2 protein chains.
Amino acid sequence: MSEITIKYLAEKLNLASSTVSRALNDSHEISDKTKKRVLDLAKSLNFQPNANARSLREQKSKTIGVIVPDRVNNFFNLVIEGLETVCREEGYSLIVYNSYEDVEQEKKIVYSLLGGKVDAIVISLADEEKEVQHLEWLREKNIPVVFFDRVAQNVAGIKYTTNDLESAYHGTKHLLDQGCKKIAFLGLSNTSSVGKARKEGFIKAHNEKGLPYDKTLLIGFGHDDVENQKSLETLFYKISRPDGVLAAAEKLGIATFRALHKLRIKIPYQVKVVSFTNMQFADLLSPSLSTIAQPAFELGSACAKELIKGLKNKDIDLFEDKKIELPSKLTIRESSK
Amino acid sequence: MSEITIKYLAEKLNLASSTVSRALNDSHEISDKTKKRVLDLAKSLNFQPNANARSLREQKSKTIGVIVPDRVNNFFNLVIEGLETVCREEGYSLIVYNSYEDVEQEKKIVYSLLGGKVDAIVISLADEEKEVQHLEWLREKNIPVVFFDRVAQNVAGIKYTTNDLESAYHGTKHLLDQGCKKIAFLGLSNTSSVGKARKEGFIKAHNEKGLPYDKTLLIGFGHDDVENQKSLETLFYKISRPDGVLAAAEKLGIATFRALHKLRIKIPYQVKVVSFTNMQFADLLSPSLSTIAQPAFELGSACAKELIKGLKNKDIDLFEDKKIELPSKLTIRESSK
DNA sequence: AAAAAAATCGGAAACGATTGCACAAGATTG
DNA sequence: CAATCTTGTGCAATCGTTTCCGATTTTTTT
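Predicted model, so just to flag it, every value in this text is computed and none were measured.

*Asks:* What is the right way to read the relation of the copies chain B and chain A from this model?
*Replies:* Here chain B sits on chain A after a turn of 180° about the axis and a move of 0.0 Å along it, with an RMSD of 0.1 Å. Overall, the copies show the geometry of a two-fold rotation axis. In this assembly, 100% of the residues forming the interface of chain B have copies in chain A that are likewise at the interface, indicating an isologous arrangement.

Next up, the structure:
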C-alpha cells in the first residue's frame with residue numbers, strides 16, 4: 001500500500017501539507033531552500049501525487065477521450081498516433097475507445113465519459129445522421145468535442161476533415177484518363193458526409209469529361225468483410241463487369257484486390273483500381289496499389305493542438321463552429337496504369 | 001459547469017447523499033421505491049457520478065495502462081484490440097502509451113503512472129536487459145504488472161509469450177527444405193529474449209539438418225527503417241548474397257521486400273523470404289509473403305482476463321511468477337516456394 | 001527607526017463520492 | 001407485551017490535493 005502522500009512528506013519535513021504542495025508545484029511563494037528539501041525527499045521516495053485527488057480538486061483529469069469507429073484501420077491508427085504525439089508533449093493522456101461502427105456502442109461510451117473521466121473528446125462518428133443526442137449530453141456537461149473525418153452536420157464544434165470531394169475527383173479523373181469507360185464507386189453505406197463527398201467527386205469527374213456513369217455501379221457496402229468480398233466477386237464475375245474501381249474505403253480496396261485475384265482477373269489490364277487507404281505497404285502489393293492517402297497523422301496532431309490550446313485558454317470557445325480541411329494525396333502506382 | 005452531483009440529487013429528493021449513493025449502486029439496504037425515485041431522476045438528468053471522486057475514495061481507477069514499444073506495429077495493435085475487448089466487458093478503460101523502443105521514455109511513462117492513475121500495467125518492454133529499476137518502483141507502489149512478448153527476465157510477474165524458438169525453427173526448416181543453402185537471420189539488435197529465442201530456433205533447424213550456418217548472416221538491426229533498408233541493399237547487392245531470409249520482425253521483412261524489389265532480385269527464385277509479421281495483407285503482396293503470425297489478439301485478451309481476475313480477487317497474487325506460452329502460426333505462401 | 005511591502009509558510013475548507021456507525025420505525029418472536 | 005430483529009435512512013469521516021486567507025518574519029522604503 002502506497003501510504004506515502006503529501007501529508008506524509010509534510011510530517012517528515014515538519015512542514016504543512018500546503019507548503020509541500022506548493023513546493024512540488026514550484027510555486028513562487030516557497031523559498032528555494034524548502035523547495036529543495038521537498039523535492040529531494042519526493043525524488044528519493046519516488047513520490048508521485050495522487051492523480052485522482054488532484055483531478056477531483058482541479059476538476060480536470062488531463063486526459064482526452066478518443067472514439068473511433070474502427071481501431072484496426074490504418075487511418076484511425078495514424079490519427080491516434082498524431083494525437084498522442086502532441087498530447088504527450090502537453091502532459092495529456094489518451095483513452096481510446098472503439099465504437100465498432102455502431103452508434104449504440106458510441107452512445108454507451110459517451111455516457112460513461114460524462115463523469116469527468118476526460119476533459120474533452122475527439123471523435124470520428126460511427127454514423128453521422130442517425131443520432132446526435134449523446135453529443136448534446138456532452139454539451140450539457142460542458143465537455144468539448146472535436147470531430148474529425150466523420151463529423152457531425154448539425155452539431156457545432158471544431159471539425160477537421162480532408163478534401164474528399166477533390167481527391168475522389170482527381171482519382172476518378174485519373175481512371176478516366178487511363179481509358180476506363182465503366183468505373184464502379186465502392187462506398188460504405190452508412191450515412192457519412194465523407195462517403196457523400198467522395199461520391200460527388202466521382203460524379204463530378206464524369207460530368208466534367210462529359211461521360212456518363214452507371215448509377216447501378218454506385219455501390220454501398222456494409223462492414224462484413226467476407227460478405228463484401230462475395231458481392232464483389234459476383235460483380236466482377238459478370239461479363240459486363242466494370243473496368244475500373246474507385247474504392248472509397250481501405251477495406252473495400254482490399255476486398256476488391258482479393259476478389260479480382262480469386263477470379264484471376266488481371267489488374268490493371270482488365271480492371272484498374274484506385275483506393276482510399278493509409279496502408280503502409282501499398283507499394284508492395286501485387287500489383288502496387290494506386291492510393292489516395294489522407295493526412296492522418298497531421299489530422300491527429302492538428303486536432304490535439306487545437307483542442308489543448310482551447311483547454312488551456314479560457315477565452316477560446318471550443319463549442320464554436322470551425323471547419324478545417326486538409327488535403328489528401330493521390331499516389332499513382334501499377335494498379336491503375 | 002456540471003454542478004449536478006449526488007448531493008444535488010439528494011436535495012432534490014429530500015434524501016441524504018448516502019442514500020442516493022447506495023441507491024445508485026443498487027445496495028440491498030435501500031427500498032425499491034426510493035431506488036426507483038433516485039434512478040429516474042438520475043437518468044433524466046444524464047447523471048454520471050464523478051469518476052475522480054469515486055476513484056479517490058475507492059483507491060482504484062478502473063483503468064489499465066498499456067505500454068508498447070511501437071504502436072503502429074500490427075502485432076501490438078492487435079494485442080491492444082484484444083485487451084480492449086475484454087476490458088470493455090469488465091468495465092475497465094485503457095490508456096495506451098508508446099515507448100518508441102526507448103527505455104528512457106518507458107521509464108518516464110512508468111513514473112507518471114505511479115500516482116494511482118492506473119490500477120495495473122500491461123507492458124511489452126523496449127529493452128529487456130537494460131534497466132528494470134522502474135519496474136521495481138511499480139512493485140513498491142503495489143501496482144501489478146503483466147508482461148507480454150518482450151518480458152522481463154529478472155522481475156517476477158505474469159508473462160505471456162509466444163513459442164518463438166519453435167516457430168523460428170519451423171520457418172527455417174521450411175526454407176532449408178525448399179533448398180536454401182545460405183539463409184540470413186534478420187533480428188532487432190535490442191536485447192530481447194524474443195530475438196534470442198528466434199535466433200536459437202534458426203540455429204537449431206540448421207543443426208538438426210546437419211547444415212552449417214554463416215555467423216556473419218546473423219544480423220542485428222536498429223529502428224531506422226531507411227538505414228535498415230540500405231544495409232539490406234548492400235547485403236543483397238553482393239554476388240555471394242543469401243538465398244533465403246528469415247526476418248524476425250515485421251519491419252525487417254518489409255525492408256527486405258523493398259530492398260529486393262529495388263535491386264530487381266526475384267522472390268522467391270533468387271531469394272526466398274519468411275517473415276514474422278501480423279500484417280493483414282500478406283496474401284496480397286508481390287509475391288504473397290510467407291509469414292509467422294503471433295496470436296496477437298488472443299495474447300491481449302488472455303492478458304486482460306488474467307489481470308482483471310487478479311484485480312478482482314484479493315486472494316490472487318499478481319506478483320507471483322507465471323509464464324504462459326501461446327503458439328504462433330506459420331503460413332507458407334509464394335515468397336518461399 | 002518607523003512604516004510599508006514583500007517573502008514564507010500554516011490552517012482549514014473545499015472537490016464529490018463511499019461507508020461504518022447510529023438511529024428510528026416496523027416486523028417478528030417468545 | 002416487552003424484547004429482539006429487520007429494514008430503511010441519515011450523519012459524519014475519509015480519500016489526497018489544491019488554494020483562499022491569514023499570520024509571521026524579513027526586507028525595503030521614507
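*Asks:* Help me understand the sheet that holds strand β7 (residues 218–221) of chain B in this model?
*Replies:* All names here are of chain B. Read across the sheet, six strands follow the order β7-β6-β8-β9-β10-β12 without closing on themselves; strand pairing throughout is mixed. With one partner strand each, in any of the chains shown, β7 and β12 (329–331) form the two edges of the open sheet. Averaged over all adjacent pairs, the angle separating strand axes in this sheet is 15°, with direction ignored. As paired strands, strand β10 (residues 290–293) and β12 are joined by three bridges and run antiparallel to one another. Its bridge partner lying in β12, Ile292 is registered against Leu330.

*Asks:* Looking at this structure, I do not really get helix α12 (residues 296–312) of chain A. What am I missing?
*Replies:* What sets the pattern is the α-helix's 3.6 residues per turn: residues three or four places apart point alike. Compared with the 24 Å implied by 1.5 Å per residue over 17 residues, the 24 Å span of α12(A) between its first and last C-alpha is a close match. Taken together, the buried residues of α12(A) touch β1 (63–68), α5 (74–90), β3 (120–123), β4 (145–148), β5 (158–162) and β11 (322–326) of chain A.

*Asks:* Explain the pattern of salt bridges here, please?
*Replies:* For side chains of opposite charge, pairing can occur when their charged atoms come near one another. Counted under the stated rule, the structure contains 32 salt bridges over all chains. A salt bridge links Arg71(B) to Glu84(A); the nearest nitrogen and oxygen atoms lie 3.3 Å apart. Note that Arg71(B) is positioned in the loop between β1 (63–68) and α5 (74–90) and Glu84(A) in helix α5, a pairing that runs across two chains. Overall, Glu84(A) belongs to the buried group, its relative accessible area being 4%. With a closest N to O distance of 3.3 Å, Lys159(B) and Asp321(B) form a salt bridge. Of this pair, Lys159(B) sits in strand β5 (residues 158–162) while Asp321(B) sits in the loop between α12 (296–312) and β11 (322–326), and the two are 162 residues apart along the sequence. Its relative accessible area of 43% is what places Asp321(B) among the partly exposed residues. Residues participating in the shared-partner salt-bridge network are Arg71(A), Glu81(B), Glu84(B) and Arg88(B).

*Asks:* For this particular structure, what's the right way to read the side chain of Asn46(B)?
*Replies:* As for its position among the elements, Asn46(B) is in the loop between α3 (32–44) and α4 (51–58). Once residues lying within four places of it in the same chain are set aside, the contact partners of Asn46(B) are Tyr111(A), Leu114(A), Trp137(A), Glu140(A) and Lys141(A).

*Asks:* Honestly, a positive patch on the surface in this entry has me stumped. Any pointers?
*Replies:* Taken together, the side chains of Arg54(A), Lys60(A), Lys62(A) and Lys314(A) present a region of like positive charge at the surface. Relative to the helices and strands, Lys60(A) resides in the loop between α4 (51–58) and β1.

*Asks:* Can you walk me through the protein's contact with DNA strand C in this structure?
*Replies:* Among the 27 residues in the neighbourhood of DNA strand C, the closest are listed as Thr19(A), Arg22(A), Ile6(B), Ser21(B) and Arg57(B). Close to the protein, within 4 Å, the atoms of DNA strand C belong to sugar or phosphate groups at a rate of 65%. Taking Ala16(A), its main chain carries an N or O atom lying 2.9 Å from a phosphate oxygen of DNA strand C. When its residues are assigned to classes, the surface near DNA strand C shows eight nonpolar, twelve polar and seven charged.

*Asks:* Can you walk me through the pairing of strand β2 (residues 93–98) of chain A in this structure?
*Replies:* The side chains of a regular strand alternate, first on one face of the sheet and then on the other. Residues and elements named next belong to chain A. Of all six residues making up β2, six are buried, and the element is well covered by its neighbours. Relative to β2, β1 is paired through six bridges, and the arrangement is parallel. Residue pairing in the sheet places Ile67 in a bridge with Tyr97 of β2. Of the crossover connections in this fold, the one passing from β1 over α5 to the parallel β2 is right-handed.

*Asks:* I tried to follow the protein's contact with DNA strand D on my own but got confused; where do I start?
*Replies:* Taken together, 27 residues lie near DNA strand D, and Ile6(A), Ser21(A), Arg57(A), Ala16(B) and Thr19(B) sit nearest. Contact distances for DNA strand D include 2.6 Å between a phosphate oxygen and a side-chain N or O atom of Thr19(B). In terms of residues, the surface near DNA strand D owes the most to one element, α4(A), which gives four residues. In terms of residue class, the surface near DNA strand D is built from eight nonpolar, twelve polar and seven charged.

*Asks:* Please clarify how the environment of Ile316(B) should be interpreted in this entry.
*Replies:* Residue and element names in this part refer to chain B. Relative to the helices and strands, Ile316 resides in the loop between α12 and β11. When its relative accessible area of 33% is taken as the criterion, Ile316 is described as partly exposed. Not counting residues up to four positions away in its chain, the partners in contact with Ile316 are Lys309 and Gly310.

*Asks:* What should I look at first to understand the packing of aromatic side chains in this one?
*Replies:* Centre distance and the angle of the planes are the two values used to describe a pair of aromatic rings. For the structure on display, the rule yields twelve aromatic pairs over all chains. Where Phe76(A) meets Phe148(A), the ring centres are 6.1 Å apart and the plane angle is 65°; that geometry is what we call edge-to-face. On the criterion of sequence distance, the pair formed by Phe76(A) in helix α5 and Phe148(A) in strand β4 is long-range, its members being 72 residues apart. Since its relative accessible area comes to 4%, Phe76(A) is described here as buried. The rings of Phe75(A), Phe76(A) and Phe148(A) are connected pair by pair, giving a single aromatic cluster. The cationic tip of Arg198(B) hangs over the ring face of Phe276(B); the distance from NZ or CZ to the ring centre is 3.7 Å. Geometry around Tyr169(B) places Lys204(B) over its ring, the cationic atom sitting 4.6 Å from the centre.

*Asks:* Please clarify how unusual backbone geometry should be interpreted in this entry.
*Replies:* Note on backbone geometry: most residues besides glycine have negative phi, and most peptide bonds are trans. With an omega of -5°, the peptide bond running from Ser286(A) to Pro287(A) counts as cis. Positive phi, close to 65°, is recorded for Asn142(B), a residue that is not glycine. We classify Asn142(B) as partly exposed; its relative accessible area is 37%.

Thresholds, definitions, all that
Note on numbering: residues in each chain are counted from 1, in written sequence order. Following the order in which they are written, the chains are lettered starting with A and the ligands numbered starting with 1. This being a predicted model, a pLDDT of at least 70 is required before a residue's local features are given, and a value of 80 or more before pairs of side-chain atoms are given or counted; all residues contribute to the totals for chains, interfaces and linings. Side-chain descriptors were evaluated using all non-hydrogen atoms of the structure, hydrogens and water having been removed beforehand. We superpose the copies by least squares over the C-alpha atoms of residues that have a pLDDT of at least 70 in both of them. Between two residues, a contact is recorded if the distance between any of their heavy atoms is within 4.5 Å. A pair of strands is considered paired only if DSSP assigns at least 2 bridges between the two. Helix and strand definitions follow DSSP, with helices as H or I runs of at least four residues and strands as E runs of at least two, each counted in order from the N terminus. Geometry is summarised by axes, namely lines fitted to C-alpha atoms with helices restricted to the contacting stretch, and by angles between N-to-C directions that run from 0 to 180 degrees. Given a helix with a known number of residues, its expected span is that number minus one, times 1.5 Å. The salt bridge criterion pairs a side-chain nitrogen of Lys or Arg with a carboxyl oxygen of Asp or Glu, the two atoms within 4 Å. The cut-offs for exposure are 20% and 50% of the maximum accessible area for each residue type, with area from a 1.4 Å probe on protein chains only; residues under the lower value are buried, those over the upper are exposed, and the others partly exposed. In this analysis, a patch consists of residues with relative accessible area above 30% that form no salt bridge, clustered at 9 Å for like charges and at 5 Å for the nonpolar side chains Val, Leu, Ile, Met, Phe, Trp and Tyr. For the area figures, the Shrake-Rupley method with a 1.4 Å probe applies, and any residue is considered shielded solely by the protein chains shown. Charge convention: Lys and Arg are scored as positive, Asp and Glu as negative, and His as well as the terminal groups of each chain are ignored. Charge positions come from single atoms, namely NZ of Lys, CZ of Arg, CG of Asp or CD of Glu. Near residues are defined by distance, with any heavy atom within 4 Å of the molecule or strand qualifying the residue. Any pair of nitrogen or oxygen atoms within 3.5 Å is treated as a polar contact; in protein, a donor-acceptor pairing is required on top of that, and neighbouring residues in sequence qualify only through side-chain atoms on both sides. Amino acids outside the nonpolar list (Ala, Val, Leu, Ile, Met, Phe, Trp, Tyr, Cys, Pro) and the charged list (Asp, Glu, Lys, Arg) are all regarded as polar, and Gly is one of them. Note on handedness: a crossover is taken as right-handed if, strands pointing away from the viewer, the path from the first strand over the helix to the second is clockwise. Stacked, edge-to-face and tilted are the three classes for Phe, Tyr and Trp ring pairs, Trp counted by its six-membered ring, which pair at centre distances within 6.5 Å; planes under 30 degrees apart are stacked, over 60 edge-to-face, the rest tilted. Throughout this description, the term charge over a ring refers to an Arg CZ or Lys NZ atom that lies within 6 Å of the ring centre and within 35 degrees of the ring normal.

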